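# Structure at a glance
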Amino acid sequence: MKLRVENINKTFINNKKEHKVLENINLDVNKGEFVSLLGPSGCGKTTLLTIIGGFQHSDEGEILLDGQVVKKPGVDRAFIFQNYALFPWKTVKENVLFPMKQQKIPKVQREAKLEELLSLCDLKGKENMYPHQLSGGMKQRVAIIRALACNPEVLLMDEPLGAVDFKMRQNLQEELENIWSKNKITAIMVTHDVDEAVYMSDRVVVMSRDKGKILENLKIDLERPRNRTTNKYEAYKSKLTNILSKCYEG
Ligand SMILES: Nc1ncnc2c1ncn2[C@@H]1O[C@H](COP(=O)(O)OP(=O)(O)O)[C@@H](O)[C@H]1O
Ligand SMILES: [Mg+2]
């Protein structure tokens, strides 16, 4: 077991009214496993992922990484935020180099890694541009390679491909899968895209709007890389689509 989410509870108070977003959430993620959190907007996916990342605290419950309680962010968990979170005053190159400098990775290695990552995400020639000069999809790609720069053991991604167009999205899904499997990363990805969840995941966890309750914890038993045109692939998609449509009721 790499990561354990144990009995997480979280309540927000808005206008003096309590809103319980997560109640008794439990989830285990194995080393090297790719798990997706799928659910409607507002069901608590980002809240859960940021608690796992150590950016917010739960009211009750614990996050265990290799059996140790985590309470704050750490370099062991790379995080890709929903809204990119690039440094606006830094160029593409500076954004990607930043975490590597922080970790004191030697200059030669940093530069080599930068080149490798830039070509991976088709960002060559863009290294001296600033975030405001990039499209949403490009910013998202910069955020992805910045998270990968330090070879994280655990990668937490909040809708990492949401702003990327269709073709680039499929390319990046393949690339992410390659990087994940080559480096044996343990990954948790938030998405609301059923196809993306089936394509990428070993397991898909469906959360509901009712206190984040886990409605389904479905193992995706398909060979990799996945073939979107098989009946089995389609069957997984329709099963998840059915469960997801129930999340919107009540
Ligand atoms: N910091 C906060 N303060 C108050 N309410 C919040 C806060 N963060 C999230 N919420 C509320 O918690 C619920 C879940 O939000 P979120 O985790 O962002 O959902 P998702 O990522 O699934 O769309 C929403 O109703 C949201 O308004
Ligand atoms: Mg969210």
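Residues numbered from 1 in each chain as written. Chains lettered and ligands numbered in written order. Predicted model: local features only at pLDDT ≥ 70, side-chain atom pairs only at ≥ 80, totals over all residues. Heavy atoms only, no water.

On to the sheet that holds strand S1 (residues 3–14). In spatial order, the strands read S2-S1-S4-S5; together these 4 strands make up an open sheet with antiparallel pairing. Both edges of this open sheet fall to strand S2 (17–29) and strand S5 (68–69), since each of them pairs with a single strand only. Of the strand pairs in this sheet, S1 and strand S4 (residues 60–65) are connected by 5 bridges, and their pairing is antiparallel. Residue pairing across strands places Glu 6 opposite Glu 62, the latter belonging to S4. Its contacts with the sheet put helix H1 (residues 45–53) on S1, S2 and S4, and the angle it makes with S1 is roughly 120°. (Pairing = 2+ DSSP bridges. Helix = DSSP H or I, 4+ residues; strand = E, 2+ residues; numbered from the N terminus. Contact = heavy atoms within 4.5 Å. Axes fitted to C-alpha atoms, helices over the stretch in contact; angles between N-to-C directions.)

Within the structure shown, the criterion is met by 6 aromatic pairs. With a centroid separation of 5.3 Å and 40° between ring planes, the pair formed by Phe 87 and Trp 89 is classed as tilted. Grouping aromatic residues by their ring pairs yields a cluster made of Phe 55, Phe 79 and Phe 81. Positioned above the aromatic ring of Tyr 199, the side-chain terminus of Arg 228 is 4.0 Å from the ring centre. (Phe/Tyr/Trp six-rings, centres within 6.5 Å; stacked < 30°, edge-to-face > 60°. Lys NZ or Arg CZ within 6 Å of the ring centre and 35° of its normal.)

What follows is about the coordination of the magnesium ion (ligand 2). At this site the magnesium ion (ligand 2) is bound by Thr 46 (OG1) and Gln 82 (OE1), with donor distances of 2.0 to 2.7 Å. Of the two residues, Thr 46 sits in helix H1 while Gln 82 sits in the loop between strand S6 (77–80) and helix H2 (92–102), which places them 36 residues apart along the sequence. The class of Gln 82 is partly exposed, set by a relative accessible area of 37%. (Donors = N, O, S within 2.8 Å, 3.2 Å for Na, K, Ca; no water. Buried < 20%, exposed > 50% of the residue type's maximum accessible area, 1.4 Å probe, protein only.)

This brings us to the nonpolar core. By size, the foremost hydrophobic cluster in this structure holds 53 residues, and its most contacted members are Leu 38, Val 96, Leu 155, Met 157, Val 198, Val 206 and Leu 240. Here this core spans two domains, since at least three of its residues come from each of domain 1 (3–76 + 153–247) and domain 2 (89–151). For Val 206, the contacting residues outside a window of four places in its chain are Leu 38, Lys 213, Ile 214, Leu 215, Glu 216, Leu 240, Ile 243, Leu 244 and Cys 247. Judged by nonpolar contacts, the second largest core, of 25 residues, contains Val 5, Val 35, Leu 48 and Ile 52. (Core = buried A, V, L, I, M, F, W, Y, C linked by side-chain atoms within 4.5 Å. Domains from an automatic or database assignment.)

This part covers the side chain of Arg 226. If you trace the backbone, Arg 226 turns up in the loop between strand S10 (214–219) and helix H7 (231–247). With no salt bridge to any partner, buried Arg 226 finds its closest opposite charge in Asp 202, at an N-O distance of 4.4 Å. Looking at Arg 226, its side chain comes within polar contact range of the main-chain oxygen of Val 198, at 3.1 Å. At 3.2 Å, the side chain of Arg 226 forms a polar contact with the backbone oxygen of Ile 220. Setting aside residues up to four positions removed in sequence, Arg 226 forms contacts with Val 198, Tyr 199, Met 200, Ser 201, Asp 202, Ile 220 and Tyr 233. (Lys, Arg positive; Asp, Glu negative; His and termini not counted. Salt bridge = Lys/Arg side-chain N within 4 Å of Asp/Glu carboxyl O. Polar contact = N/O pair within 3.5 Å; in protein donor to acceptor, adjacent residues only side chain to side chain.)

Read these as spatial facts, not as claims about activity.
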